[in-house]
Amino acid sequence: MSPAFRPYAASDAAACLGLFDANCPRFFAPGERADYADYLARARDYRVGEVDGAVRAAFGIAPGRAGRIHLNWILVDPDAQGAGLGRAMMAATLEAARMAGASTIDIAASQHSAPFFARFGARALARTENGWGPGMHRVEMELDVSPAD
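All of these numbers come straight from a predicted model, not from anything done at the bench.

Caption draft 1: Broad picture of the overall build of the protein chain. Secondary structure assignment for the protein chain yields four helices and seven strands. Along the protein chain, helices (α) and strands (β) appear in the sequence β-α-α-β-β-β-α-β-α-β-β when read from the amino end. A compact globule built from 149 residues should have a C-alpha radius of gyration of about 15 Å, and the protein chain, at 14 Å, falls within 12% of that. Along the longest, intermediate and shortest principal axes, the C-alpha atoms of the protein chain span 35 × 35 × 30 Å. Relative to all contacts within the protein chain whose residues are 6 or more apart in sequence, the contacts with residues 24 or more apart total 61%.

Caption draft 2: Broad picture of helix α1 (residues 13–22). Every buried residue of α1 is accounted for by C16, L17, L19 and F20. The arc that holds every buried residue of α1, seen down its axis, measures 150 degrees, which confines them to one face. Contacts made by the buried residues of α1 are with α2 (33–41), β2 (46–51), β3 (54–63) and β4 (68–76).

Caption draft 3: Region of the structure containing the packing of α1 against α2. With their axes 11 Å apart at the nearest point, α1 and α2 run at an angle of 155 degrees to one another. Taken as axis vectors, α1 and α2 run roughly antiparallel relative to one another. Considering the relative orientation of α1 and α2, their crossing is right-handed. Only R33, Y36, A37 and L40 of α2 make contact with α1, whose side of the interface consists of A13, C16, L17, F20 and D21.

Caption draft 4: Quick look at α2. Buried within α2 are the following residues: Y36, Y39 and L40. Buried residues along α2 cover an arc of 100 degrees about the axis, so they all sit on one side. When the buried face of α2 is taken as reference, the exposed residues oriented beyond 90 degrees from it are A34 and A41. The inward-facing, buried residues of α2 abut α1, β2, β3 and β4.

Parameters at a glance
- Residues numbered from 1 in each chain as written.
- Predicted model: local features only at pLDDT ≥ 70, side-chain atom pairs only at ≥ 80, totals over all residues.
- Heavy atoms only, no water.
- Helix = DSSP H or I, 4+ residues; strand = E, 2+ residues; numbered from the N terminus.
- Rg over C-alpha atoms; globule rule 2.2 N^0.38 Å.
- Contact = heavy atoms within 4.5 Å.
- Buried < 20%, exposed > 50% of the residue type's maximum accessible area, 1.4 Å probe, protein only.
- Arc of directions from axis to C-beta.
- Axes fitted to C-alpha atoms, helices over the stretch in contact; angles between N-to-C directions.
- Parallel < 35°, antiparallel > 145°, perpendicular 65-115°, else oblique.
- Left-handed = near helix turned anticlockwise from the far one by under 90°.

This is how it looks when you write it as structure tokens:
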């Protein structure tokens, strides 16, 4: 399954909120939905991944502190998990970081999504119990950006 990534448009809001709902409460705390909807209302640097014309993934890449970018609101349709969409999002994020001259990607994950990012070399820096909501722990991670091969 090879996604075509494009910039987020306001017309994608319902599809993105549908992705959030499909991933809640497994990967997101229910209370985060309002934060996500607010984020979408003012989204910059947000991307959606389409497969066969349907939005199946979404993620944001935003500037951070000097030499860093931040990966945020990473969502994949549960029916498409394991099909390579996450890997494609990480490749796009690494490329965006290189293009921006960033050496580090900051990631705020949960205890459920942190293992995914760890597979790409991200390391946990801190953990806040119930940081996203009851039972949903916040894991601050960073990923070093290596030069493209």
